[in-house]
Amino acid sequence: MSATDVHEERAELRTVDELAAAAGVTVRTVRFYATKGLLPPPLLRGRTGLYDEAHLARLKLVRDLQAKGFTLQAIERFLLRVPAAASPDDVAVFGALLSPWVSDPPEELSRAELDRIAGRTIADDELEGLAATAVVEVLPDGRLRTRAADLELALQWLDVGLPREMLEESHRLIEAATGQLAEDLGALLRRHLLRPYLQGEVPPEERAGLSEVIERLKPLTIQAVMNAMQRGVDRAVRDRVDRA
């Protein structure tokens, strides 16, 4: 084997210290994930365990999902569906399917921190309304979990001065409609993208870019839903006026 070949082979394999550094975590974290079954066993070269690009892709996926609020138990259940021999591209596709569609992850805050983000003191009855509409989750220890964008929008709703019962009913209607829509769109995604990918029906030149396609679909789908909602409301108003 030439010196170039040795270098290329070595560049694709990392020690546990090098793997941890590449993923931006500690060696202790890598070993902990491995004991949980979140990483496949290393490749052995003598007594040294070495890790390839697929290990790195999995490690980064676990790290990113934890940062976005997924529990290790949920990540473990999900990774059971990802074959141990999955390539980095395969891991990226699964990661794109599971990664949240919203850009800002939820934050855990104290009551004072919630007021600071809101830019005002949130009254107790307002907090109850935010909790009733799932904008703010009250945790067992009294801390609060929310997304800044959701909080800002919800406070604007409150400022309109509508009855709380109307706000809660609006929330239930929106959640019911979007929940079913999300299930249907997810099934469509799995049927037309994930299933052909797993069954080897996607051409090789398209496989590497599938995770990027899924990520690009997310904002486009959200915008399409918003546009359809606006058109639907306009039609409902026109139909009611025509029947009047």
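Reading guide: rules and limits
- Residues numbered from 1 in each chain as written.
- Predicted model: local features only at pLDDT ≥ 70, side-chain atom pairs only at ≥ 80, totals over all residues.
- Heavy atoms only, no water.
- Helix = DSSP H or I, 4+ residues; strand = E, 2+ residues; numbered from the N terminus.
- Rg over C-alpha atoms; globule rule 2.2 N^0.38 Å.
- Contact = heavy atoms within 4.5 Å.
- Salt bridge = Lys/Arg side-chain N within 4 Å of Asp/Glu carboxyl O.
- Buried < 20%, exposed > 50% of the residue type's maximum accessible area, 1.4 Å probe, protein only.
- Pairing = 2+ DSSP bridges.
- Axes fitted to C-alpha atoms, helices over the stretch in contact; angles between N-to-C directions.
- Parallel < 35°, antiparallel > 145°, perpendicular 65-115°, else oblique.
- Nonpolar A, V, L, I, M, F, W, Y, C, P; charged D, E, K, R; others polar.
- Expected span 1.5 Å × (residues − 1).
- Arc of directions from axis to C-beta.

Chemist: Outline the overall build of the protein, listing residues and values.
Modeler: Counting its secondary structure elements, the protein contains 12 helices and 5 strands. Whereas a compact globule of 244 residues would reach a radius of gyration of roughly 18 Å, the protein reaches 23 Å, over 25% beyond that. Projected onto its principal axes, the C-alpha positions of the protein cover 85 × 45 × 25 Å. For the protein, restricting intrachain contacts to residue pairs at least 6 apart in sequence, the fraction spanning at least 24 positions comes to 63%.

Chemist: Can you tell me about the pattern of salt bridges, naming the residues and giving the values?
Modeler: Scanning all chains against the criterion turns up 12 salt bridges. Between Arg164 and Glu128 there is a salt bridge, and its shortest N-O distance comes to 3.4 Å. Remark: Glu128 occurs in helix H8 (residues 124–132) and Arg164 occurs in helix H10 (residues 164–198); sequence separation between them is 36 residues. Owing to a relative accessible area of 46%, Glu128 belongs among the partly exposed residues under this scheme. Residue Glu215 pairs with Lys218 through a salt bridge whose shortest N-O separation is 3.4 Å.

Chemist: Before we move on, could you go through the sheet that holds strand E4 (residues 137–138) and cite the residues and values that matter?
Modeler: Sheet architecture is open: 3 strands sit in the order E3-E5-E4, paired in antiparallel fashion. What marks the edges here is a single partner per strand, and that holds for strand E3 (107–109) and E4. Relative to strand E5 (residues 144–146), E4 runs antiparallel, the two sharing 2 bridges. The residue of E5 that forms the bridge with Val138 is Leu144.

Chemist: Account for the packing of helix H2 (residues 16–23) against helix H3 (residues 27–35), naming residues and giving values.
Modeler: Contact pair H2 / H3: the axes reach a minimum separation of 8 Å and the direction vectors enclose 100°. Considering their axes alone, H2 and H3 lie roughly perpendicular with respect to each other. Along its contact with H2, which presents Val16, Asp17, Leu19 and Ala20, the element H3 presents Val27, Val30 and Arg31. For the contact of H2 with H3, a count of residues per class yields 5 nonpolar, no polar and 2 charged.

Chemist: Tell me what's going on with helix H9 (residues 148–160), and back it up with residues and numbers.
Modeler: Compared with the 18 Å implied by 1.5 Å per residue over 13 residues, the 19 Å span of H9 between its first and last C-alpha is a close match. Considered for burial, the residues of H9 that qualify are Leu151, Ala154 and Leu155. Around the axis of H9, the buried residues are gathered within 105° of arc, so they sit on the same side. In H9, the exposed positions angled more than 90 degrees off the buried face are occupied by Glu152 and Val160. Where H9 is buried, its residues meet helix H7 (111–118), H8 and E5. Gly161 sits one or two positions beyond H9 and adopts a positive phi of about 90°.

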